[in-house]
Amino acid sequence: QVQLVESGGGLVQAGGSLRLSCAVSGRTFSTYTMAWFRQAPGKERTFVAAFYWSGGSTYYADSVKGRFTGSRDNAKNTVYLQMNSLKPEDTAVYYCAADGSGIWPRFRLGDYAYWGQGTQVTVSS
């Protein structure tokens, strides 16, 4: 069983930064594709970023390119999302997701079998 637990959300002013973490339980974390999605109030959950398990490949949504940077620490079974230059439109619940299929790239909701409970990010103007 794979469990994901996000942390690091909070309230920040526009232009500020936050770093989200996602701790993953599971012996094969190093072979999972990991991703972040977000869901703003009243809107659908959308893709933010994904990180392939091998070779450092990453994929970002256009709306966050140049501002958000993801990374993973396989030794700690943790994936991170560094969010800089935050905007009010980044306000959302951020979810961590994992996929063990080995397929790349993966940026659709249905591609991911495992999800965390989410962490709230609120950016004030």
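This text goes with the structure placed above it.
Computed from a predicted structure; not experimentally measured.

What counts, and at which threshold
- Per chain, the residues get numbers from 1 upward, laid out in the order the sequence is written.
- With pLDDT at 70 or above as the cut-off, local features in this predicted model cover only qualifying residues; side-chain atom pairs require 80 or more to be listed or tallied, and sums for whole chains, interfaces and linings still use all residues.
- To obtain the side-chain values, all non-hydrogen atoms of the structure were included, while hydrogens and water were left out.
- What counts as a ring pair is set by centres within 6.5 Å for rings of Phe, Tyr and Trp (its six-membered ring), and what kind of pair is set by the plane angle: stacked under 30 degrees, edge-to-face over 60, tilted for all other angles.
- The secondary structure listing takes helices from DSSP runs of H or I that are at least 4 residues long and strands from runs of E that are at least 2 residues long, numbered from the N terminus.
- Under the scheme applied here, a residue whose accessible area is under 20% of the maximum for its type counts as buried, over 50% as exposed, and between as partly exposed, the area being computed with a 1.4 Å probe on protein chains only.
- Remark: a charge is flagged as sitting over a ring if the NZ atom of Lys or the CZ atom of Arg is within 6 Å of the ring centre and within 35 degrees of the ring normal.
- Pairing between strands is defined by DSSP: at least two bridges between the two strands are required.

Caption draft 1: How the structure looks around the packing of aromatic side chains. By the definition in use, this model includes eleven aromatic pairs. Aromatic pair Y32 and Y114: ring centres 6.4 Å apart, planes at 35°, arrangement tilted. Pair noted here: Y32 is in the loop between β3 (18-25) and β4 (33-39) and Y114 is in strand β10 (residues 114-115), with a separation of 82 residues, a long-range link. Plain terms: the ring middles of Y52 and W104 are 5.3 Å apart, the flat faces sit at 35° to each other, and that makes the pair tilted. Of the two residues, Y52 is situated in the loop between β5 (45-51) and β6 (58-60) and W104 in the loop between β9 (92-99) and β10; the sequence distance between them amounts to 52 residues. When its relative accessible area of 26% is taken as the criterion, W104 is described as partly exposed. A network of ring pairs unites the aromatic residues F37, F47, Y59, F107, Y112 and W115 as a single cluster. Positioned over the ring face of Y95 is R45, at 3.6 Å from the centre of the ring. One Lys or Arg, R45, reaches over the ring of W115 and ends 5.0 Å from the middle of that ring.

Caption draft 2: Examining unusual backbone geometry more closely. In the segment running from W104 into P105, the intervening peptide bond is cis, with an omega of -5°. For N77, which is not glycine, the phi torsion reads 50° and is therefore positive. Position of N77 relative to the elements: it lies in the loop between β7 (68-73) and β8 (78-83). Assessed through its relative accessible area of 21%, N77 is described here as partly exposed. Despite not being glycine, S85 has its phi angle at roughly 50°, a positive value. By the element assignment, S85 lies in the loop between β8 and β9.

Caption draft 3: Broad picture of the pairing of strand β11 (residues 119-124). Residues T119, V121 and V123 point to one face of β11 and are all buried, whereas Q120, T122 and S124, pointing to the other face, are not buried. Sheet topology places strand β2 (residues 10-13) next to β11; four bridges connect them, and they run parallel. Residue pairing for β11: G10 is matched across the bridge by V121. Sheet topology note: the β9/β11 ladder contains three bridges and is antiparallel. Residue pairing for β11: V93 is matched across the bridge by Q120.

Any link to function would need more than the numbers given here.
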